[in-house]
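Each chain, letter by letter, is given below.
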Amino acid sequence: MRQIVIRRWQPEPLPEPEVDHDLPQLSAIERSAEVISFTCRRFEYWISPQGVLREWFKFNLRLALGLVVPAMLVAPLVTLALQQFNEWIDLITRTTSNMVLVPLSAMLVIGLICGLISIGKSILTMRLRQQQQQQQQRRDPYNY
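Note that the structure is a prediction, hence the values are computed from the model and not measured. In this numbering scheme, every chain counts its residues from 1 along its sequence in written order. Given that the model is predicted, a residue must reach a pLDDT of at least 70 before its local features are reported, and side-chain atom pairs must reach 80 or more before they are shown or counted; all residues, however, enter totals for whole chains, interfaces and linings. Water and hydrogen atoms were dropped before computing side-chain values, which therefore reflect all heavy atoms in the structure.

Peer 1: What exactly am I supposed to notice about the overall build of the protein chain here?
Peer 2: By the criteria applied, helices consist of DSSP H or I runs no shorter than four residues and strands consist of E runs no shorter than two, each listed in order from the N terminus. The helix and strand tally for the protein chain stands at three helices and zero strands. Along its sequence from the N terminus, the protein chain presents helices and strands in the succession α-α-α. Each radius of gyration reported is based on C-alpha atoms, and the globular scaling rule is 2.2 Å times the count of residues to the power 0.38. Compactness check: the protein chain gives a C-alpha radius of gyration of 46 Å against a globular reference of 15 Å for 144 residues, more than 25% above the reference. Burial analysis of the protein chain (144 residues in total) assigns 6% to the buried set. Residue pairs in contact within the protein chain that sit at least 24 positions apart in sequence constitute 68% of those at least 6 positions apart. In the form shown here, the protein chain has an accessible surface area of approximately 13,200 Å², with 66% of it arising from carbon and sulfur atoms. Charge counting treats Lys and Arg as positive and Asp and Glu as negative, with His and both chain ends excluded. Working definition for charges: the position is that of NZ of Lys, CZ of Arg, CG of Asp or CD of Glu. Counting 15 positive and 12 negative side-chain charges, the protein chain places the averaged centre of each group 28 Å from the other. When a residue's accessible area, from a 1.4 Å probe over protein chains only, is under 20% of the maximum for its type it is buried; when over 50% it is exposed; and in between it is partly exposed. Two residues form a contact once any of their heavy atoms are found within 4.5 Å. Under the convention used here, a 1.4 Å probe and the Shrake-Rupley method define accessible areas, while residue burial counts only the protein chains that appear.

Peer 1: Please explain the environment of Thr95 as it appears in this structure.
Peer 2: Residue placement: Thr95 occurs in helix 3 (residues 52-139). What makes Thr95 partly exposed here is its relative accessible area of 37%. A polar side-chain atom of Thr95 sits 2.8 Å from the main-chain carbonyl oxygen of Leu91. Polar contact is defined as a pair of N or O atoms within 3.5 Å, subject to the rule that within protein one atom must be able to donate a hydrogen and the other to accept it, and that residues adjacent in sequence are counted only when both atoms are side-chain atoms.

Peer 1: When you look at the side chain of Glu55 in this model, what are you seeing that I'm missing?
Peer 2: With respect to the element layout, Glu55 can be found in helix 3. What Glu55 contacts, discounting residues up to four positions off in sequence, is Arg8, Trp9, Gln10, Pro11 and Arg62.

Peer 1: Would you take a moment to explain the environment of Tyr45 for this structure?
Peer 2: Relative to the helices and strands, Tyr45 is located in helix 2 (residues 28-47). The partly exposed category is assigned to Tyr45, whose relative accessible area is 26%. For the pair Tyr45 and Pro15, spaced 30 residues apart in sequence, the C-alpha to C-alpha distance is 8.0 Å.

Peer 1: Whenever I open this one, the side chain of Glu44 confuses me. Can you help?
Peer 2: Along the chain, the position of Glu44 falls in helix 2. Given a relative accessible area of 16%, Glu44 falls into the buried group. Once residues lying within four places of it in the same chain are set aside, the contact partners of Glu44 are Leu14, Pro49 and Arg54.

See below:
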């Protein structure tokens with residue numbers, strides 16, 4: 001990494017900024033642009049006359065583009081793959097839960113029906129016993 005930085009880092013001294021000699025003949029917009037450009041070049045020359053600031057900016061711009069461009073090309077593909085993976089997991093989860101819940105709910109229904117039949121049978125048995133006891137008590141109060 002250090003070798004890449006050293007190979008790319010080649011600051012060049014900046015020339016001293018000069019005002020365009022044709023400034024009076026330029027239109028108002030062109031003069032404004034030239035004055036702003038001269039001010040920015042003079043400020044850059046004042047901060048870093050050896051060109052280190054310009055080289056630092058160019059290096060960081062190259063580095064950012066080198067990271068951003070692949071990220072912009074790869075990130076949507078990774079996002080799409082993760083989204084598909086999420087949908088597949090969701091589909092598998094729903095299918096598995098349905099495969100487990102359908103037999104369980106069928107067993108629950110069968111159990112409830114069997115329970116109701118058992119309760120109904122016991123109620124009928126209890127009523128039949130009560131009727132038999134009542135009939136025996138009516139028939140023979142003295143055990144003849």
